[in-house]
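Residues per chain are reported as follows:
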Amino acid sequence: MRLKSPSWWYGGEPGAVARVLGPLGRVHHLLARRRMRASGAFRAPVPVICVGNFTAGGAGKTPVARFIAEEIAGLDVQPVFLTRGYRGQARGPLLVDPAMHGAGEVGDEALLLAADEPTVVARDRVAGAKHALTVVPRAGAIIMDDGLQNGAVAKSLSIAVVDAGAGVGNGLVMPAGPLRADLSFQLEHVDAVIVLSTGAGRVHRSLEQVRAEAKGAGVPVLEAMLEPNAPARFLSGRRVVAFAGIGRPEKFFETLEGIGAEIVARVPRGDHEPMGEKEAAGLLDLAGRHDALLVTTQKDHVRLMPGIDAGGALARLRERAVVVAVDVVMARGDRQTVVDRLAGVLTGTAARV
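Anyway, here's the lowdown on the structure attached to this text. Each chain has its residues counted from 1, following the order in which its sequence is written. Totals for whole chains, interfaces and linings use all residues, but because this is a predicted model, local features are given only for residues with pLDDT of at least 70 and pairs of side-chain atoms are given and counted only at 80 or more. Calculation of side-chain values draws on the structure's entire complement of heavy atoms; hydrogens and water are dropped beforehand.

Secondary structure counts use DSSP, requiring at least four H or I residues in a row for a helix and at least two E residues in a row for a strand, with both numbered from the N terminus. Each helix and strand counted, the chain has 12 helices and 13 strands in total. For the chain, the C-alpha atoms occupy an extent of roughly 55 × 50 × 40 Å along the three principal directions. Contacts are residue-level and defined by heavy atoms, with any inter-residue pair within 4.5 Å sufficient. Sequence-distant contacts in the chain: of pairs separated by 6 or more residues, those separated by 24 or more amount to 79%. Surface summary for the chain: the accessible area is close to 15,500 Å², and the carbon and sulfur share equals 53%. Asp and Glu are treated as the negative residues and Lys and Arg as the positive ones, with His and the ends of the chain left uncounted. Lys charges are placed at NZ, Arg charges at CZ, Asp charges at CG and Glu charges at CD. Looking at the chain, you have 42 positive and 37 negative side-chain charges, and the mean spots of the two groups are 5 Å apart. Note on areas: Shrake-Rupley, 1.4 Å probe, and residue coverage restricted to the protein chains presented here.

Below you can see the structure in the form of structure tokens.
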């Protein structure tokens, strides 16, 4: 089943449907506020850094979480990731082993995180945090991938990621819009906002609202870009069939255009959507007809797990697809702001906002 946000969430002014759903959005906000203000939150003995977003759907949290982990490791502190394992069957808590676990069990994001640092999957974040510190006793920090709206675990630092091309949509709360709670309320619970762009795509008009409200709340707005790593540069001038099942597939297509790839076919898929043999065969055929390379994201590639037939279409697609890895790049000043905030919470000298 393809998961897709309603197009009118990200259009212009809220339309008739959004206005009708507005009262339900208010209920959703009140429920989210109760969760975020929950008393009795578990306080881990190490700093907890949350990388979340204001809206439903992907915004680029996982690349930013990996970036944060790299910066923490650079401060000689061992990070451990804590994630819910979205679309995975395992409830956890469990330590992810990429050699044993597949995306169907722990989710695609968990596999990406586990490629960098120890990663624990848990639906219950308190149990997950406790398990993380048990299985990784040297851990000096927990990085939560998502969980901004979950108050079960006390956070030392919260960073909200905003996709520059989607912003906060029409600015309304689900189901009237993409926000998980009123933006002004969520800003009370974050220490910084990172606006993530590809450098080649459009900028959503609602970013003006984000910047204005963040300024009013005294929350710094930092800029970051998703840049393909050096090996992907060989795609410049090459014909490609691009497929992506991320929060906003257009981001991936924009990244390919930014390095000069000639996209002859774009195949957007639902976020976290698993692929079957029939669709894999269709992509292989499409690339053959266009005499083009198959290109995809890291997140999509880890989901290409063949079934019983190891020689089937999924296995061949996994072998043939070129994976474009991306890095989060920040200007020196904004990156230093992140490093300073991290150093502050790791040494206990930063005041929680």
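Now for the side chain of Arg 269. Relative to the helices and strands, Arg 269 is located in the loop between β10 (262–268) and α9 (277–290). Whether a residue is buried, partly exposed or exposed follows from its accessible area with a 1.4 Å probe, protein chains only, as a fraction of its type maximum: under 20%, in between, or over 50%, in that order. Looking at Arg 269, the relative accessible area reads 4%, which means it is buried. A distance of 3.0 Å separates a polar atom in the side chain of Arg 269 from the backbone oxygen of Pro 274. A distance of 2.6 Å separates a polar atom in the side chain of Arg 269 from a polar atom in the side chain of Glu 279. Any pair of N or O atoms that falls within 3.5 Å is considered a polar contact. Within protein, one atom must be able to donate a hydrogen and the other to accept it, and sequence-neighbouring residues count only if both atoms are side-chain atoms.

Right, let's get into the packing of α9 against helix α11 (residues 313–320). With their axes 8 Å apart at the nearest point, α9 and α11 run at an angle of 50° to one another. The angle between α9 and α11 falls in the class oblique. Where α9 crosses over α11, the handedness of that crossing is left-handed. In this structure, α9 uses Glu 277, Ala 280, Ala 281, Leu 283, Leu 284 and Ala 287 to contact α11, whose residues at the interface are Ala 313, Leu 314, Arg 316, Leu 317 and Arg 320. The classification used treats Ala, Val, Leu, Ile, Met, Phe, Trp, Tyr, Cys and Pro as nonpolar, Asp, Glu, Lys and Arg as charged, and all other residues, Gly among them, as polar. Taken together, the residues of the contact of α9 with α11 sort by class into eight nonpolar, no polar and three charged. Only the stretch in contact is used when a helix axis is fitted, and all axes are lines through C-alpha atoms; the angle between N-to-C directions ranges over 0 to 180 degrees. In what follows, roughly perpendicular refers to angles from 65 to 115 degrees, roughly parallel to angles under 35, roughly antiparallel to angles over 145, and oblique to any angle outside these ranges. Put simply, a crossing is left-handed when the front helix is turned counterclockwise from the back one by less than a right angle, and right-handed when it is turned clockwise.

That is the geometry; function is a separate question.
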